[in-house]
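Listed below, chain by chain, are the residues.
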Amino acid sequence: MTTVPGLVPYLGGALAVGGLAVAATRRRELILRWCVWALGVPLVTGAFWLGPPGIAVLASVVGVVAVLEFGALLRLGPVDRAVLGAAVVGLVLTAWLAPGELLRVAAVGALAIAGVPLLSGDAEHGLRRLGAGLLGLVWLGVLAGLIPLGATGLVLFVAVSIADIVAFAAGPRLGGPPLSPLSPAKRWSGTLAGSAAGLLTLALLSSLTWQTAVAVAVGGPFGDLLESMVKRGARAKDSGRWLAGSGGLLDRVDSLLVALAVLLVLS
């Protein structure tokens, strides 16, 4: 079984090789992205090393930041964002402390999200706020699944990240038809190359099963397209601007979220 300590040498080696490859390209955007990964990977690995408490803290922080970015994209007000953020964190903490109550907490969160526009009597934008809030709860609440997965969640994060990087680099070079009108810059060729790299990563980390393979090869690209749809609707290029060369946090975890959801469903 894959363990977090057993992953550390692979993660360190991947960062070193990636750094050399990025330096060789001399592309500022890729260098900035590598710097973000060089800072983020040790933090994420450390959280998983601590077990469920560390994963819960990490998932809660990621969830809150993602809710703020998601809320900004869909023009949700402060109260909507606060309730959605509380619902996501509530799911994460429940998955850690009382997993048997997860469905009940999800239902309470959905009712609270619906209650905000209902109680404010927002007939003009209430339906949009309700739909956006429920989408956010389903999409971002899946972070709670990292806790029961443990080290497998970290493996999924690594495999999806590598698949994204390879797809980003290979697509423009290989060319071919676009993956979807939602994201015309992405190519089928890049997606297939990225999926192959993700599956190879799973195999190297002794975590290749048909469930993880489907999660990385199908869930990852779908997650990217889902965020593309949200951003196109909001007429925004990125979910944020605070991560150098990477936009926002949601831009970095969009593929992971749907891959995680697929893995949880199949498992």
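Everything numeric here is computed off the predicted structure, so don't read it as measured data.

1. With respect to the overall build of the protein
Of regular secondary structure, the protein possesses 11 helices and zero strands. Reading the protein from its N end, one meets helices and strands in the order α-α-α-α-α-α-α-α-α-α-α. A globule of 267 residues ought to have a C-alpha radius of gyration of about 18 Å, and the protein, at 18 Å, matches this closely. Expressed along its principal axes, the backbone C-alpha trace of the protein runs to roughly 55 × 40 × 30 Å.

2. Quick look at unusual backbone geometry
Although it is not a glycine, Ser206 sits at a positive phi angle of roughly 55°. Along the chain, Ser206 turns up in the loop between α9 (188–204) and α10 (210–234).

3. Some thoughts on the confidence of the model for the protein
Overall, the prediction assigns the protein a mean pLDDT of 89, with 97% of residues at 70 or greater. When the elements of the protein are averaged for pLDDT, helix α1 (residues 4–25) gives the smallest value, 78, and helix α4 (residues 78–97) the largest, 97.

4. Overview of helix α8 (residues 151–174)
The terminal C-alpha atoms of α8 lie 34 Å apart, and with 24 residues this matches the ideal 34 Å at 1.5 Å per residue to within 8%. Phi turns positive, to about 70°, at Gly175, one or two residues after α8.

5. Focus: helix α5 (residues 102–120)
Since the α-helix packs 3.6 residues into each turn, any two residues three or four apart lie on the same face. When the terminal C-alpha atoms of α5 are compared, their 28 Å separation across 19 residues agrees well with the 27 Å that a helix rising 1.5 Å per residue should span. The sharpest bend along α5 comes to roughly 25°, located at Ala114, with the proline Pro117 sitting one to four residues further on. For α5, every residue scored as buried is listed here: Gly109, Ile113, Ala114, Gly115, Val116 and Pro117. Among the residues trailing α5, Gly121 stands out with phi positive, at a value near 65°.

6. Section: the packing of aromatic side chains
All told, the structure shown has one aromatic pair when counted by the stated rule. A centroid spacing of 6.0 Å and a plane angle of 80° characterise the contact between Phe70 and Trp139, whose relative ring orientation is edge-to-face. A residue pair is termed long-range when its members are at least 10 positions apart, and Phe70 in helix α3 (residues 52–73) and Trp139 in helix α6 (residues 126–141) qualify at 69 residues. One exposure class covers both Phe70 and Trp139, and it is buried.

7. Focus on the side chain of Ser207
Along the chain, Ser207 turns up in the loop between α9 and α10. Look at Ser207 and you get buried, because its relative accessible area is 11%. Not counting residues within four places of it along the chain, the set of residues in contact with Ser207 comprises Thr2, Val155, Leu202 and Thr212.

8. Some thoughts on the nonpolar core
Grouped together as the largest cluster of nonpolar side chains are 61 residues, with contacts concentrated most on Trp139, Leu140, Leu156 and Leu250. Setting aside its immediate chain neighbours within four residues, Leu250 contacts Ala66, Glu69, Phe70, Leu73, Trp139, Leu140, Glu227, Ser239 and Leu257.

9. What to know about the pattern of salt bridges
The tally for this structure, following the rule as stated, stands at six salt bridges. With its nearest N and O atoms 3.0 Å apart, the salt bridge here joins Asp80 to Arg129. Here the residue Asp80 occupies a position in helix α4, and Arg129 occupies one in helix α6, the gap between them amounting to 49 residues. In this pair, the class of Asp80 matches that of Arg129, namely buried. Linking Asp224 and Lys186 is a salt bridge whose minimum nitrogen-to-oxygen distance equals 3.1 Å. Taken together, the positions of Asp224 in helix α10 and Lys186 in the loop between α8 and α9 put the pair 38 residues apart, joining distant regions of the chain. For Lys186, a relative accessible area of 32% gives the class partly exposed. What you see here is one network of salt bridges that share partners, running through Asp80, Asp122 and Arg129.

Conventions adopted
- Residues numbered from 1 in each chain as written.
- Predicted model: local features only at pLDDT ≥ 70, side-chain atom pairs only at ≥ 80, totals over all residues.
- Heavy atoms only, no water.
- Helix = DSSP H or I, 4+ residues; strand = E, 2+ residues; numbered from the N terminus.
- Rg over C-alpha atoms; globule rule 2.2 N^0.38 Å.
- pLDDT = per-residue confidence, 0-100.
- Expected span 1.5 Å × (residues − 1).
- Bend = angle between axes of the 7 residues up to and from the residue.
- Buried < 20%, exposed > 50% of the residue type's maximum accessible area, 1.4 Å probe, protein only.
- Phe/Tyr/Trp six-rings, centres within 6.5 Å; stacked < 30°, edge-to-face > 60°.
- Contact = heavy atoms within 4.5 Å.
- Core = buried A, V, L, I, M, F, W, Y, C linked by side-chain atoms within 4.5 Å.
- Salt bridge = Lys/Arg side-chain N within 4 Å of Asp/Glu carboxyl O.

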